[in-house]
Protein chains: 2
Amino acid sequence: MTSEQASASPLPARPDARPAALRPLWVARGIAVVGASDRAGAVGRLPVQFLQRYGYTGGIYPVRPDGAPVAGLTSYPSVEEAARAGEVDVAMVMVAADKVVAAVQDCAAAGVGVVIVCSSGFAETGPAGAALQDELVRVAGELGVRVLGPNCIGTVGTATGQVSSFSPLFSGASTQLVPGGIGFVSQSGALGYGAVSLAFERGLGLGWVVNTGNEADIGATEVMAALAEEQQPRCTGLLGYAESLGDLSSLARVTASGVPVAMLKAGRSDAGARAAASHTGALATGDKVVDAALRRAGVVRVDDVEELLDVGDVMVLVPLVQDRQVGSDGVPGRAPGAPLRQPGGARLRRIAVVTTSGGSGILAADAIEARGLELAALADDTLADLDQIVPAYGSTANPVDVTASVMSNPDLFDQALTTIAQDPGVDAIVACFCVLTGSDVDAVVQALARVRERTGVPVVVTRTGADHLAPDAAATMRAAGLPVYPTPARAVRAVAALAQFVQAGSRAGGNDRDQPAGHAPPDLWAHTDESSLKQALAGAGLPVPVGRLVSDRDDALAAVEQAGGQAVFKAVVPGLLHKSEAGGVVLDVTSERAAEVYDRLGALRGPDGSAGQVLVEEMVPPGVEVLVGSADTPLGRILTVGVGGVLTEVVADVALRLLPIDRQDVEEMVDETRLRLLLAGARGRPPADRAALVDTIAALADLAATLPAGAELDLNPITVLAEGDGVRILDAALALADEED
Amino acid sequence: MTSEQASASPLPARPDARPAALRPLWVARGIAVVGASDRAGAVGRLPVQFLQRYGYTGGIYPVRPDGAPVAGLTSYPSVEEAARAGEVDVAMVMVAADKVVAAVQDCAAAGVGVVIVCSSGFAETGPAGAALQDELVRVAGELGVRVLGPNCIGTVGTATGQVSSFSPLFSGASTQLVPGGIGFVSQSGALGYGAVSLAFERGLGLGWVVNTGNEADIGATEVMAALAEEQQPRCTGLLGYAESLGDLSSLARVTASGVPVAMLKAGRSDAGARAAASHTGALATGDKVVDAALRRAGVVRVDDVEELLDVGDVMVLVPLVQDRQVGSDGVPGRAPGAPLRQPGGARLRRIAVVTTSGGSGILAADAIEARGLELAALADDTLADLDQIVPAYGSTANPVDVTASVMSNPDLFDQALTTIAQDPGVDAIVACFCVLTGSDVDAVVQALARVRERTGVPVVVTRTGADHLAPDAAATMRAAGLPVYPTPARAVRAVAALAQFVQAGSRAGGNDRDQPAGHAPPDLWAHTDESSLKQALAGAGLPVPVGRLVSDRDDALAAVEQAGGQAVFKAVVPGLLHKSEAGGVVLDVTSERAAEVYDRLGALRGPDGSAGQVLVEEMVPPGVEVLVGSADTPLGRILTVGVGGVLTEVVADVALRLLPIDRQDVEEMVDETRLRLLLAGARGRPPADRAALVDTIAALADLAATLPAGAELDLNPITVLAEGDGVRILDAALALADEED
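Taking an unreviewed UniProt entry as the reference, chain A is identified by name as Acetyl-CoA synthetase belonging to Ornithinimicrobium pratense.

Visitor: Please clarify how the overall build of chain A should be interpreted in this entry.
Guide: From N to C terminus, chain A includes 27 helices and 30 strands. Sorting the 741 residues of chain A into buried and exposed places 54% on the buried side. Summarising the internal contacts of chain A: among those between residues at least 6 apart in sequence, 71% fall at separations of at least 24.

Visitor: What am I meant to see in the domain arrangement of chain A here?
Guide: As far as domains go, chain A holds domain 1 (5–303), domain 2 (315–508), domain 3 (546–618) and domain 4 (624–740). Each of domain 1 of chain A and domain 3 of chain A was reduced to a C-alpha centroid, and the two centroids are 62 Å apart.

Visitor: I keep staring at the relation of the copies chain B and chain A and nothing clicks. Help me out?
Guide: One chain copy maps onto the other through a rotation about an axis and a shift parallel to that axis. Overlaying chain B on chain A yields an RMSD of 0.2 Å, the required transformation being a rotation through 180° with an accompanying axial translation of 0.1 Å. Both chain copies can therefore be described as sitting about a two-fold axis. For chain B, the residue whose C-alpha comes nearest the rotation axis is V651 of chain B, separated from it by 3.4 Å. Residue by residue, 100% of the interface of chain B is reproduced at the interface of chain A, so both copies engage with the same surface.

Visitor: Would you explain the nonpolar core in this entry?
Guide: Side chains that are nonpolar tend, in soluble globular proteins, to be buried together. Formed by 458 residues in total, the largest nonpolar core has its most connected members in V115, V495 and L498 of chain A together with V115, V495 and L498 of chain B. Residue contacts for L498 of chain A: discarding those within four places in its chain leaves V314, L317, V318, V321, L348 and P458 of chain A.

Visitor: Explain helix α2 (residues 46–53) of chain B to me, please; I cannot follow it from the model alone.
Guide: Each α-helix turn comprises 3.6 residues. Residues three or four places apart therefore point the same way. Residue and element names in this part refer to chain B. All of the buried residues along α2 are L46, P47, V48, F50 and L51. The secondary structure elements touched by the buried residues of α2 are β1 (30–34), β2 (59–63), β3 (90–93), β6 (154–157) and β7 (162–165). Of the residues trailing α2, G55 is marked for its positive phi of about 80°.

Visitor: Teacher, can you tell me more about the sheet that holds β1 of chain B here?
Guide: Sheet strands associate in pairs through backbone hydrogen bonding, adopting either a parallel or an antiparallel arrangement. All names here are of chain B. Here 5 strands make up an open sheet; going across it, the order is β2-β1-β3-β4-β5 and the pairing parallel. Two strands in the sheet have a free side with no partner beyond their single neighbour: β2 and β5 (146–148). Strand-to-strand twist of the sheet, defined as the mean angle between neighbouring strand axes without regard to direction, takes the value 20°. One ladder, built from 3 bridges, connects strand β4 (residues 114–117) with β5; its direction is parallel.

Visitor: How should the interface of chain B and chain A be read in this particular structure?
Guide: At the junction of the two partners, chain B supplies 67 residues and chain A supplies 67 residues. Only α6 (189–202), α11 (305–314), α13 (358–370), α23 (648–651) and α25 (675–680) of chain B provide two or more residues apiece to the side of chain B that touches chain A. Among the elements that make up the side of chain B that touches chain A, the one with the highest residue count is α6 of chain B (9 residues).

Visitor: For this particular structure, what's the right way to read the packing of helix α6 (residues 189–202) of chain A against helix α11 (residues 305–314) of chain A?
Guide: Two quantities define a packed helix pair, namely the angle between the axes and the distance from one axis to the other. All names here are of chain A. Put simply, α6 and α11 touch, their axes get as near as 10 Å, and they point 45° apart. Looking at the two axes, α6 sits oblique to α11. Handedness of the crossing formed by α6 with α11: right-handed. Judged by residue contacts, A195, L198, A199 and R202 of α6 engage V305, L308, L309 and G312 from α11. Class assignment of the residues belonging to the contact of α6 with α11 gives a composition of 6 nonpolar, 1 polar and 1 charged.

Visitor: Got a minute to help me understand the sheet that holds strand β24 (residues 613–618) of chain B in this structure?
Guide: All names here are of chain B. Spatial ordering of the open sheet is given by β21-β24-β22-β23, a layout of 4 strands whose pairing is antiparallel. In the strand order of this sheet, the two ends are held by β21 (547–550) and β23 (585–590), each with one partner. If you compare each strand with its neighbour and ignore which way they point, the axes differ by 30° on average. As defined by bridge partners, strand β22 (residues 566–572) adjoins β24 across 6 bridges and the pair is classed as antiparallel. Bridge assignment links V568 to a residue of β24, and that residue is E617.

Visitor: Mind showing me how you'd approach the packing of helix α16 (residues 410–421) of chain A against helix α17 (residues 438–455) of chain A here?
Guide: Residues and elements named next belong to chain A. At a minimum axis distance of 9 Å, the contact between α16 and α17 shows a crossing angle of 30°. By crossing handedness, the relation of α16 to α17 is classed as right-handed. Contact residues: α16 offers P410, F413, D414, L417, T418 and A421, while α17 offers A443, Q446, A447, L448, R450, V451, R454 and T455. For the contact of α16 with α17, the class distribution of residues is 8 nonpolar, 3 polar and 3 charged.

Visitor: What should I look at first to understand the pairing of strand β15 (residues 350–355) of chain B in this one?
Guide: If a strand is regular, its side chains alternate between the two faces of the sheet. All names here are of chain B. Burial runs high along β15: 5 of the 6 residues are buried. Traced from β15 through α13 to strand β16 (residues 374–375), the parallel crossover comes out right-handed. Pairing of β15 with strand β18 (residues 428–433) involves 5 bridges; the strand directions are parallel. Counterpart to V354 in the pairing with β18 is A431.

Visitor: Any chance you could explain the pairing of strand β11 (residues 261–265) of chain B here in plain terms?
Guide: Residues and elements named next belong to chain B. Burial analysis of β11 places 5 of its 5 residues in the buried class, the great majority of the element. Side-chain alternation along β11 places V261, M263 and K265 on one buried face and A262 and L264 on a second face that is also buried. Summarising the sheet, strand β10 (residues 237–242) and β11 pair through 5 bridges and their orientation is parallel. Directly across from L238, in β11, lies its bridge partner V261. Handedness of the crossover is the feature at issue here: the chain leaves β10, passes through helix α8 (residues 248–257), returns alongside β11, and the resulting connection is right-handed.

Visitor: How do you make sense of helix α20 (residues 530–539) of chain B when you look at a structure like this?
Guide: All names here are of chain B. Turning to α20, its buried residues number three or more, namely E530, S531, L533, K534, A536 and L537. Structurally, α20 contributes buried residues whose contacts are with β21, β22, β24, β29 (727–729) and β30 (733–736). At the C-terminal side of α20, G541 shows a positive phi close to 90°.

Visitor: Would you mind showing me how to read unusual backbone geometry here?
Guide: Excluding glycine, most residues fall at negative phi; most peptide bonds, likewise, are trans. With an omega dihedral of 0°, the bond running from Q232 of chain B to P233 of chain B counts as a cis peptide bond. Turning to its location among the elements, P233 of chain B is positioned in the loop between α7 (220–230) and β10. Note the cis peptide between N716 of chain B and P717 of chain B, where omega equals 5°. Its location among the elements puts P717 of chain B in strand β28 (residues 711–720). At A71 of chain A, a residue that is not glycine, the phi angle is positive and equals roughly 50°. When you line up the elements, A71 of chain A lands in the loop between β2 (59–63) and α3 (79–85). Judged by C-beta crowding, with 21 C-beta atoms within 10 Å, A71 of chain A ranks as buried. The phi dihedral of D588 of chain A falls on the positive side, at around 55°, and the residue is not glycine. By the secondary structure assignment, D588 of chain A is in strand β23 (residues 585–590).

Visitor: Would you take a moment to explain the environment of T462 of chain A for this structure?
Guide: All names here are of chain A. Position of T462 relative to the elements: it lies in strand β19 (residues 459–463). Using a count of 29 C-beta atoms within 10 Å as the deciding quantity, one classes T462 as buried. On a C-alpha basis, the gap between T462 and A364 in space is 9.3 Å, while along the polypeptide they are 98 residues apart. Sequence-distant contacts of T462, that is, excluding residues within four places in its chain, are made with S360, V430, A431, C432, F433, Y485, T487, P488 and A491.

Conventions and cut-offs
- Numbering of residues starts from 1 in every chain and runs along the sequence as written.
- A letter from A marks each chain and a number from 1 marks each ligand, given out in the order of writing.
- In view of the model being predicted, local features appear only for residues whose pLDDT reaches at least 70, and side-chain atom pairs are presented and counted only at 80 or more, with totals across whole chains, interfaces and linings using the full set of residues.
- Helix and strand labels come from DSSP, where a helix needs a run of H or I of at least four residues and a strand needs a run of E of at least two; each type is numbered from the N terminus.
- For every residue, the other C-beta atoms within 10 Å of its own C-beta are counted; 20 or more classify it as buried, 12 or fewer as exposed, and values in between as partly exposed. C-beta atoms are placed from the backbone.
- It is the C-beta atoms, placed from the backbone, that decide contacts: two residues are in contact if theirs lie within 7 Å.
- An automatic or database domain assignment supplies the start and end points of every domain.
- For this overlay, a least-squares fit was computed on C-alpha atoms, restricted to residues scoring pLDDT of at least 70 in both copies.
- A set of buried Ala, Val, Leu, Ile, Met, Phe, Trp, Tyr and Cys residues, joined through C-beta atoms within 7 Å, is what we mean by a nonpolar core.
- Strands qualify as paired when DSSP identifies two bridges or more between them.
- Here an angle of 0 to 180 degrees is reported between the N-to-C directions of two axes, which are lines fitted to C-alpha atoms, with helices fitted over the stretch in contact.
- Any angle from 65 to 115 degrees is called roughly perpendicular, while one under 35 is roughly parallel, one over 145 is roughly antiparallel, and all others are oblique.
- In this scheme the handedness of a crossing depends on how the near helix is turned from the far one: anticlockwise by less than a right angle means left-handed, clockwise means right-handed.
- Only Asp, Glu, Lys and Arg are considered charged in this grouping, and only Ala, Val, Leu, Ile, Met, Phe, Trp, Tyr, Cys and Pro are considered nonpolar; every other residue, Gly among them, is considered polar.
- Handedness is read with the strands pointing away from the viewer; a crossover is right-handed when the path from the first strand over the helix to the second is clockwise.

Laid out in structure tokens, this is it:
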């Protein structure tokens with residue numbers, strides 16, 4: 001369905017209790033405005049005025065102590081009184097901060113389940129405000145009232161004209177609501193409504209707008225989940241702006257709903273991330289964890305408001321792509337009855353560029369490569385057919401330059417497009433134009449829309465020319481379901497987001513990564529020194545070098561001989577974290593040196609002066625060195641996999657996932673890093689045992705998922721030997737996060 | 001000067017002979033249109049019509065065989081005839097391809113020095129067209145006529161209404177020329193005029209527009225150089241779109257002019273670059289060479305048409321920043337008489353963000369970090385002063401959230417801005433707003449403009465809200481010299497470009513890298529095998545391991561003992577390029593193994609069956625492995641520096657420059673790569689001898705500059721030992737480029 005179809009939304013009855021809690025934020029039967037004012041320009045008058053202006057059909061109940069009329073409406077001394085006059089589902093609270101708790105109590109007495117607290121003066125102002133906010137949350141929680149805000153600008157349901165907001169956007173003489181299927185949820189008020197104004201301006205229809213402000217109770221992700229679940233199938237996509245990301249269970253609900261989501265998560269550079277990045281050891285920054293969480297949820301992350309809206313525009317194509325079944329022979333065909341999500345089925349990667357400008361075609365090709373997509377290789381049949389249509393001064397190879405003469409002939413242009421769209425190697429078309437004048441547009445749009453309709457191949461348009469040359473072009477294309485962007489780079493960026501949605505949808509079916517079954521995991525946490533930790537890992541079937549703790553010189557010598565006359569000696573001293581730097585690791589120890597090295601390592605002391613032991617292990621031949629780590633984060637436990645050994649900090653190349661993960665995730669993590677090349681064999685070296693590495697990491701991920709809060713596991717290096725020879729975990733450490741600092 | 005001031009351009013006399021050749025492309029006294037037509041809609045009628053419509057005051061001379069009038073003007077049977085009627089400086093040639101040469105001869109006879117060949121049917125259509133194009137260039141060259149095109153859409157000089165173009169842009173009923181100080185030069189016609197339409201639409205004034213088409217004779221960079229030299233000081237910036245970059249001497253002329261230049265060089269993903277990138281060995285792609293060339297020329301490279309125009313908008317601030325002298329105490333002050341370019345003086349890196357939206361501030365901070373700029377650390381005095389102005393619910397730390405209440409009070413807003421701008425740690429201000437309504441705008445703009453004027457600190461504005469809410473805001477800000485962008489990311493991207501212009505300008509003064517003086521370089525080319533090449537390098541004072549060729553077993557043994565009882569044996573066999581993979585390098589050879597290893601390596605044969613010799617070298621201890629290479633490219637000889645040894649392909653981290661370079665360039669190259677960290681000492685290893693490496697690379701760069709065309713030098717690894725121990729060139733190869741394939 002297009003976003004336009006979603007606009008005709010009546011006021012249906014509440015479906016069930018749970019989602020209904022938030023529903024009045026966008027579909028209320030009646031709205032109380034607590035702190036309403038009749039003074040022109042007063043903030044407390046704006047929502048009343050806006051609800052009237054934008055045609056809200058529910059009841060509007062100004063609440064003010066003196067009961068004087070507001071904007072011509074009767075007012076009430078309390079929400080409770082208002083609720084006697086009609087149905088009140090939601091209240092906007094616009095009184096001074098110190099009066100907000102009383103207002104919420106009034107709402108509870110009136111049976112209002114959710115309040116929009118616009119008032120500021122809470123956590124954003126300092127400790128006193130934060131205490132007031134805690135009190136608000138506590139009281140509301142006890143009364144069973146949900147709180148949006150405080151310090152927020154309100155909400156909008158466009159289909160019903162519900163502008164329960166005081167944003168200056170709605171004062172604009174030229175402002176009109178543009179209803180549609182996209183929900184827009186923003187933690188920031190000013191930026192959020194600025195973005196809404198830009199969405200309306202470009203014609204991107206929004207069904208629901210929610211500003212969450214301080215998020216004392218209701219967060220952006222919970223709102224998204226409620227919209228996705230409760231407004232299906234009207235809600236065809238969600239756009240969000242967030243500065244924090246606390247609530248992963250809500251994100252999982254959004255994922256389960258199948259509604260595509262894009263999010264602008266700001267603060268990539270917050271002080272914490274900066275501090276962490278300033279010393280080379282900090283490979284897993286907070287922002288990488290956010291990336292992992294959004295990726296897990298199938299959310300497309302963007303970096304800019306403009307990109308957020310660009311991705312919103314392409315969401316209209318998600319159902320089209322998901323409905324387009326790719327058969328086993330690779331030939332696409334329509335499958336109207338196919339399920340919405342086909343695990344492993346739908347994909348979108350190979351892009352055909354159709355253009356009348358060589359320059360635009362090259363820029364599109366550049367962007368396609370930069371975004372990890374492919375320029376489709378057209379089939380010989382396609383090229384032969386195009387040769388019959390495209391003049392000699394055009395180009396039939398992708399990017400296909402059909403020339404202006406073909407574009408100006410609707411039949412020929414249609415024929416060329418159809419030929420390209422029917423090529424089984426084409427997943428999507430990017431059509432690039434420059435100066436489009438009035439007369440060009442209609443024929444072009446009709447041809448593009450027909451091809452989309454006939455073949456199910458998504459089409460995205462680039463128009464690198466001034467709007468005023470064909471002022472209706474953008475609207476015409478939008479009405480035809482053709483997202484249009486000013487440059488090839490922006491169009492391709494949107495197509496890449498579309499590809500991510502399709503991929504996330506494909507995987508969603510088989511994406512329920514369960515906790516590992518099988519035998520009970522060893523209690524890793526009981527083993528904090530290297531030697532016993534390695535024994536525990538070995539007990540779990542994981543490959544560690546053969547070795548043992550030795551207690552004297554003779555024992556050390558015997559251990560060397562047992563290891564084949566050459567061994568590794570390691571000091572195992574409580575609290576000695578950087579033992580290599582402290583001289584606590586000696587390689588290539590032969591029988592002759594055993595006693596001397598034993599003495600030296602045995603003499604090492606920990607920070608508290610305590611003595612340790614010496615671990616003697618077999619020598620492991622050189623191989624590819626990998627690091628695997630696991631740590632606890634506010635968003636959950638993560639696993640990192642990357643280039644290890646002495647190059648750890650220099651190459652600084654790790655992949656990161658929230659646990660749990662499965663074998664496919666591990667394969668992807670390896671492929672994301674330079675490990676892919678290292679394992680394949682660099683500079684003539686033989687390929688390493690990638691399969692054994694993946695097995696080991698998958699098993700480690702399962703074990704790590706059982707670690708207690710705060711525990712950090714660090715396995716570096718894990719040496720990967722030649723194919724068939726497996727891997728060895730050479731070093732292992734387990735600590736509480738605090739111990740490392 | 002602002003772009004608006006540049007618009008009042010009369011028709012001055014020709015300054016001198018050389019630039020005058022191209023000058024009529026934008027300031028002609030009279031224009032002949034060869035192939036003019038009177039038929040409505042005919043391509044041959046459009047330029048005549050456009051010249052009339054846009055108020056061209058020079059002579060318009062339609063040329064057509066029958067002499068019939070065109071658009072009400074007298075026509076002439078030839079350019080020669082037209083030139084008898086008035087002054088003709090330039091001719092547009094719009095006849096069929098096979099008649100173009102004759103038209104050029106006619107132009108030459110008329111004394112016309114430059115022609116705009118719009119006709120297509122040349123190199124873009126295949127071999128026959130290419131031959132015709134060669135003939136055109138040959139004839140024009142003999143006649144002393146310069147050719148723009150063929151296959152181009154023409155040129156525009158906006159100040160004089162000279163629309164010598166047939167772009168459909170100029171047919172648009174609402175199209176108006178927007179004069180200004182920026183020159184726009186595009187190889188692509190459709191995309192170029194599309195971008196011009198977008199520039200006009202946003203109010204970015206263009207003084208000169210040139211489409212170079214097939215570039216058979218005149219290329220985009222030559223046009224840029226001519227504009228920069230001839231239109232100074234009117235020309236305040238140049239924007240270019242190019243698909244190839246052949247003419248570095250013109251780029252150097254642009255650099256010397258001091259006019260800031262931004263270029264969209266398309267084809268990052270062209271087939272060649274793709275093929276090269278597909279095998280890991282290809283570290284130095286063609287695109288990296290383009291980057292190096294543009295960097296050398298101080299050109300800001302962009303990736304998108306929108307970014308090109310965004311950078312065009314910020315060019316107005318370049319003189320402001322260059323005029324703002326930073327004194328030795330770091331306190332900025334106005335220095336009106338200061339020279340335009342101060343080597344090492346001007347810089348722009350520390351950005352203050354002033355906002356009324358916390359969200360915009362965070363997004364700006366993210367973008368500042370992502371673009372390699374810094375969020376300015378405000379001085380204690382500044383923070384104390386701001387504390388007096390900004391309410392508690394705002395924020396005085398950068399990003400400074402002044403709050404809407406301060407913004408709505410012009411005096412307070414002005415005071416806050418001035419305080420920030422006067423902080424010596426602030427190089428530029430990004431002011432971020434969201435929904436701006438009519439009444440907000442004027443006060444905001446006045447305050448921003450005043451601060452800019454008073455302190456000389458450049459200000460860039462972000463307005464993340466719909467235009468229609470304050471339709472005149474964009475023009476008001478532009479008139480006040482305040483570039484405005486829809487999102488913080490785009491504003492910061494523009495500021496980063498501004499910083500690049502300033503840096504390029506700073507370095508321009510001391511940027512004349514001469515060929516090395518000193519003693520004559522050794523003739524490296526005479527030494528193609530490793531042993532003699534190393535001897536030549538040693539002769540030039542460069543550090544190679546001690547070693548010698550041995551001729552028999554006894555000699556090999558003696559060499560090992562000479563090397564201290566342990567040596568490296570290397571096969572030196574003509575044509576054996578990958579000798580490590582062929583087993584031609586053996587480390588740790590002791591006296592006992594000398595004979596056996598000698599025999600084995602001596603038995604290796606080259607591809608043509610020829611035998612080689614064995615080189616015995618001292619063992620060099622492990623260190624940081626570096627690669628240095630030099631190759632010839634169409635843009636000149638390059639030097640690459642990066643992580644070497646077995647990690648070369650895996651880490652794939654090299655910096656690249658066109659030669660010649662100086663020591664400062666080498667330092668920058670090292671810092672651009674992971675060598676910076678490796679040399680500083682990773683994982684507790686001691687720092688390596690960076691100074692010796694830089695010396696060696698600088699000397700190698702000088703040597704490489706003397707290599708003959710096509711020669712490729714490959715030094716990998718160069719081992720960098722601990723500080724004070726210097727470096728050793730462990731492997732060296734020199735070949736013709738073709739031999740490697």
